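Report on the structure
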Amino acid sequence: MIAPPDRTPLPREFFDRPVLEVAPDLLGRVLVRTTPDGPIAVRLTEVEAYDGPNDPGSHAYRGPTSRNAVMFGPPGHVYVYFTYGMWHCMNLVCGPEGRASAVLLRAGEVVDGVELARKRRVSARNDKELAKGPARLATALEVDRALDGTDACASGETPLRMLTGAPVAADQVRSGPRTGVAGEGGDGDIHPWRYWVTGDPTVSPYRAHVPRRRRS
């Protein structure tokens, strides 16, 4: 018999570790988004690690800005950014304050609040696609820049919270190059920092970086 997921909130100490330890350990954990219409919960199946000053693919590689300020704050907080002028993506800050590492939440399975997620992801062809990709995950959970800086480890009422869930066995975790990252940061031999649950249908397809062409 499979034990039900643990609903205990993850403590801040979980995130106060090197990002390459935290990232694979987030697989199988459950993120809960509290909304006025009810909760939506996602079991994480795919993540990517970004290691601040040691990582040319990180938003924090060149230091703090108004956009990435949350990454330099305490662990366990949510960093939300806006990309391509249309999508939001969310990350969880890791390591000691000032270190600026974070884990991008790339994909997951909606395990609670499916009907609410469907209303936000009307283009999804099936429930496996509701949070299949970082922008889809943020959309399904109704996450935008207003939630940037949210403490996912806070006690009491909070719009986003990480629960213990059911950690994935090490032999079920795979790693490889990060999706859409250019240059050295996208080299899977140097930075094989995308982690996913092998065989899970909610994991997004890998796509290498493709330079954007300027319109003439």
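Look up a bit, the structure's there.
Right, let's walk through the structure included here. Because the structure is a prediction, the values reported are computed rather than measured.

Description of the overall build of the chain
A count of helical and extended segments in the chain gives four helices and nine strands. When the helices and strands of the chain are placed in sequence order, the string is β-α-α-β-β-β-β-β-α-α-β-β-β. What you see for the chain is a C-alpha radius of gyration of 16 Å, in line with the 17 Å of a compact globule of 216 residues. Counting only C-alpha atoms and orienting by the principal axes, one finds that the chain spans roughly 45 × 40 × 35 Å. Evaluated residue by residue, the chain yields a buried proportion of 50% over its 216 residues. In the chain, of all internal contacts separated by at least 6 residues, the share reaching a separation of at least 24 is 62%. Only carbon and sulfur atoms are counted for the fraction: they give 52% of the accessible area of the chain, which is about 10800 Å². Counting 28 positive and 26 negative side-chain charges, the chain places the averaged centre of each group 8 Å from the other.

Re the pairing of strand S5 (residues 87-94)
Across the eight residues that make up S5, a large majority, seven, are buried. Pairing of strand S4 (residues 78-83) with S5, which is carried by six bridges, proceeds in the antiparallel orientation. From the neighbouring strand, Val78 faces S5, where its bridge partner is Leu92. The antiparallel pairing of S4 with S5 creates a hairpin that spans three residues between the two strands, and Tyr84 there sits at a positive phi of about 55 degrees. Of the strand pairs in this sheet, S5 and strand S6 (residues 101-112) are connected by four bridges, and their pairing is antiparallel. Residue pairing across strands places Val93 opposite Ala102, the latter belonging to S6. From the end of S5 to the start of S6, which pair antiparallel, there are six residues, and Gly95 there has a positive phi angle of about 75 degrees.

Thoughts on the nonpolar core
Among the nonpolar cores identified, the biggest contains 41 residues, and Phe15, Leu26, Met90, Val103, Leu105 and Met162 are the most heavily contacted of them. Looking at this core element by element, the count peaks at five residues for strand S3 (residues 38-50). Excluding residues within four positions of it along the chain, Leu105 makes contact with Leu26, Leu31, Leu44, Glu46, Val47, Met90, Leu92, Pro134 and Leu137. By size, the runner-up hydrophobic cluster in this structure holds 13 residues, among which are Tyr79, Val93, Ala102 and Leu104.

Looking at the pattern of salt bridges
In the structure shown here, the tally under the stated rule is 16 salt bridges. In this structure, the salt-bridge partner of Arg43 is Asp200, at a minimum N-O distance of 2.7 Å. Placement of the pair is Arg43 in strand S3 and Asp200 in the segment after strand S9 (194-197), with a sequence separation of 157 residues. Under the relative-accessibility criterion, Asp200 is labelled buried at 15%. One network of salt bridges, with partners in common, ties together Glu46, Glu48, Arg106 and Arg194.

What about the state of the cysteines?
Applying the stated criterion to the full structure yields zero disulfides. We note that Cys89 lacks a disulfide partner, and the nearest cysteine sulfur, in Cys94, lies 16 Å from it. Among the residues examined, Cys89 registers a relative accessible area of 5% and is labelled buried. With no disulfide of its own, Cys94 lies 9.9 Å from the sulfur of Cys153, the closest cysteine sulfur.

Some words on the side chain of Ser204
Among the structural elements, Ser204 can be located in the segment after S9. Under the relative-accessibility criterion, Ser204 is labelled buried at 6%. In this structure the side chain of Ser204 is engaged in a polar contact, spanning 2.7 Å, whose partner is the side chain of Glu46. One polar contact links Ser204 to Arg106, side chain to side chain, over a distance of 3.1 Å. Apart from the residues within four sequence positions on either side, Ser204 is in contact with Glu46, Arg106, Ala107, Lys132, Gly133 and Arg194.

About the cut-offs
- Residues numbered from 1 in each chain as written.
- Predicted model: local features only at pLDDT ≥ 70, side-chain atom pairs only at ≥ 80, totals over all residues.
- Heavy atoms only, no water.
- Helix = DSSP H or I, 4+ residues; strand = E, 2+ residues; numbered from the N terminus.
- Rg over C-alpha atoms; globule rule 2.2 N^0.38 Å.
- Buried < 20%, exposed > 50% of the residue type's maximum accessible area, 1.4 Å probe, protein only.
- Contact = heavy atoms within 4.5 Å.
- Areas by Shrake-Rupley, 256 points an atom, 1.4 Å probe, with all protein chains shown as cover.
- Lys, Arg positive; Asp, Glu negative; His and termini not counted.
- Charge placed at Lys NZ, Arg CZ, Asp CG, Glu CD.
- Pairing = 2+ DSSP bridges.
- Core = buried A, V, L, I, M, F, W, Y, C linked by side-chain atoms within 4.5 Å.
- Salt bridge = Lys/Arg side-chain N within 4 Å of Asp/Glu carboxyl O.
- Disulfide = S-S within 2.5 Å.
- Polar contact = N/O pair within 3.5 Å; in protein donor to acceptor, adjacent residues only side chain to side chain.

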